[in-house]
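Structural overview for review
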Amino acid sequence: MLSEAKTRSIIIQGVLVTAVIAFAALLVSTTFANLRARGIPIGFDFLAMPSRIIISEAILTYKSRDSYYWAIVVGLANTVFISALVIFFSSVLGLVVGITRLSSNPLAAGTCRVWVEIARNSPPIVLLIFLYSLWWKVLPPVGEALNPLPGVYASMRGFVVPTISIDIGMTGALIILFALTLAALSYGLARSGRLPPLVPAILAAGVVGLWLADIRFAVDFPVFTGSNFRGGGELTPELSTILIGLTIYTTGFVAEIVRGGVLSVGPGQWDAGHSLGLSRGKILRLVVIPQMLRVIVPPLNSQYINVVKNSTLAIAVGYPDFLAVMNTIISKSSHSIEGVFIILGAYLALNLTLSSAANWYNRRIAIVER
């Protein structure tokens, strides 16, 4: 039987939960009653109506006659796209900058320290506005575009880069699905000891090789004709600003996390590596980095979540991210409450997905005690 203290605790918690639910129900019902009394529309039926809004840049195909629902999906795709790019580039640069801060070379270590201190102590919106203002003051007109790399041009209209088109067709898609299924099954058999470990890799490589033999790649290089470039892909000043600015900002935090992770590995690990004749680079790659991952994954997850939240600053430079699209939809449809719920739900779903992925990986690399 339950003790008296435990029974009292359950009753108190039940009363509190009931009170919170009742207060929330009262708040919602009162709000809806006041909105109906004022003739303000309520509900999500507007999502199926034509949006009639303009989205200047879209990763997905979008036209103004598309529905509000599709406009929300397009804005969310823009946010996911820019967040994924920032996470990738800041992770790579943060690893390099964080390790270089520990270098014995004072110039390299000092340069990285300046980067970290500026990034960590500057408001991101100030950095974005500063970078955005440079496009028309530093870069030349499109007719005199800089050509830093073959096929890459930079001007006040942004960057123009080569694009790669891949034609796989239905057959290629089926081969990819078959290869992934075969690799998964073979990996499971190899883990169980029923199949040699190299067999899954050989089978998957063979299937993918057959597919690659039939795949068709096409590279589209930009060419300047008349007053603009044709071909290739364009990175507008707005997209480039949010990508470069958030990458610089996030790299400062990731670098400090990496530096702390490297320092968390005891000096005895370095000494053991040197005693085996390993170079400093191999010790770092084979010994230090695998061990520091257990330390840096949780704080890295927080930074990745911050990237998604900081992507809302794209509205300051005119990039149509999810928040900017939702602001337009709210002002045009007059469904402010529904719009706020959609915004909260979308960002909550994105951040919970990142947290779940990081927690799963953290469990995979955790040390299991016996």
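Residues numbered from 1 in each chain as written. Predicted model: local features only at pLDDT ≥ 70, side-chain atom pairs only at ≥ 80, totals over all residues. Heavy atoms only, no water.

In terms of helices and strands, the chain carries 11 helices and eight strands. Across the 370 residues that make up the chain, the buried fraction comes to 33%. Accessible area for the chain stands at about 22300 Å²; split by element, carbon and sulfur atoms hold 68% of it. (Helix = DSSP H or I, 4+ residues; strand = E, 2+ residues; numbered from the N terminus. Buried < 20%, exposed > 50% of the residue type's maximum accessible area, 1.4 Å probe, protein only. Areas by Shrake-Rupley, 256 points an atom, 1.4 Å probe, with all protein chains shown as cover.)

Attention now moves to the pairing of strand β1 (residues 146-149). As defined by bridge partners, β1 adjoins strand β2 (residues 152-155) across two bridges and the pair is classed as antiparallel. Its bridge partner being in β2, L146 is matched across the sheet by A154. Counting the residues in the hairpin turn of β1 and β2 gives two residues, including G151, whose phi is positive at 80 degrees. (Pairing = 2+ DSSP bridges.)

Relative orientation of the contacting elements helix α2 (residues 68-100) and helix α11 (residues 336-365) amounts to 35 degrees, with a least axis distance of 12 Å. Considering only the axes of α2 and α11, their crossing is right-handed. Of the residues in α11, those in contact with I72, L76, T79 and V80 of α2 are I342, A346, Y347 and L350. Taken together, the residues that form the contact of α2 with α11 break down as seven nonpolar, one polar and no charged. (Axes fitted to C-alpha atoms, helices over the stretch in contact; angles between N-to-C directions. Left-handed = near helix turned anticlockwise from the far one by under 90°. Contact = heavy atoms within 4.5 Å. Nonpolar A, V, L, I, M, F, W, Y, C, P; charged D, E, K, R; others polar.)

Counting across every chain of the model gives three salt bridges. For R120, the salt bridge is made with E256, and the minimal N-O distance between the two is 3.6 Å. Taken together, the residues span a long stretch of sequence, with R120 in helix α3 (residues 106-120) and E256 in helix α7 (residues 237-264) at a distance of 136 residues. Salt bridges sharing partners connect three or more residues here, namely R101, R120, E256 and R259. (Salt bridge = Lys/Arg side-chain N within 4 Å of Asp/Glu carboxyl O.)

We now examine unusual backbone geometry. Residue R52 is not a glycine yet carries a positive backbone phi of 60 degrees. Position of R52 among the secondary structure elements: in the loop between α1 (4-37) and α2.

Right, let's talk about the environment of G43 for a bit. Its place among the elements puts G43 in the loop between α1 and α2. Residues within four places of G43 in sequence aside, it is in contact with H335 and E338.

Next up on the list: the layout of surface pockets. Here the largest pocket is characterised by a volume of approximately 200 Å³. Forming the boundary of the largest pocket are 13 residues, of which I99, V262, W270, R280 and L284 lie nearest the centre. Elements supplying a minimum of two residues to the lining of the largest pocket: α7, α8 (267-275) and α9 (280-310). A total of five residues in the lining of the largest pocket trace back to one element, the largest contributor, which is α9. A breakdown of the residues in the lining of the largest pocket according to their chemical character gives nine nonpolar, two polar and two charged. If you add up the space inside the second largest pocket, you get close to 150 Å³. Every residue lining the second largest pocket is listed: S91, L95, V254, V258, I289, M292, L293, I296, L300 and Y304. When contributions to the lining of the second largest pocket are tallied by element, the ones reaching two or more residues are α2, α7 and α9. Per-element accounting of the lining of the second largest pocket gives the leading share, six residues, to α9. Per-class residue counts for the lining of the second largest pocket are nine nonpolar, one polar and no charged. (1 Å grid on protein atoms, 1.4 Å probe; cavity = no way out; pocket = protein on both sides within 12 Å on 5 of 7 lines; lining within 4 Å. Points joined across faces, edges and corners; volume = space filled by probe spheres on them.)

This part covers the packing of helix α10 (residues 322-333) against α11. Taken N-terminus to C-terminus, the directions of α10 and α11 make an angle of 165 degrees; their axes are 9 Å apart at the nearest point. With respect to α11, the axis of α10 lies roughly antiparallel. You can see that α10 and α11 cross each other, and the crossing is right-handed. Contacts between α10 and α11 involve F322, L323, M326 and I330 on the former and, on the latter, S336, G339, V340, I342, I343, A346 and Y347. In terms of residue class, the contact of α10 with α11 is made up of nine nonpolar, two polar and no charged. (Parallel < 35°, antiparallel > 145°, perpendicular 65-115°, else oblique.)

A contiguous patch of positive charge, built from R52, K63, R65 and K332, is present on the exposed surface. In this structure, R65 sits in the loop between α1 and α2. (Patch = residues over 30% accessible without salt bridge, like charges linked within 9 Å, V, L, I, M, F, W, Y side chains within 5 Å. Lys, Arg positive; Asp, Glu negative; His and termini not counted. Charge placed at Lys NZ, Arg CZ, Asp CG, Glu CD.)

Our focus in this paragraph is a nonpolar patch on the surface. Together, F88, F89, V92, L93, L95 and V96 give the surface a local cluster of nonpolar side chains, amounting to about 490 Å² of exposed area. With respect to the secondary-structure elements, V96 resides in helix α2. The class of V96 is partly exposed, set by a relative accessible area of 48%.

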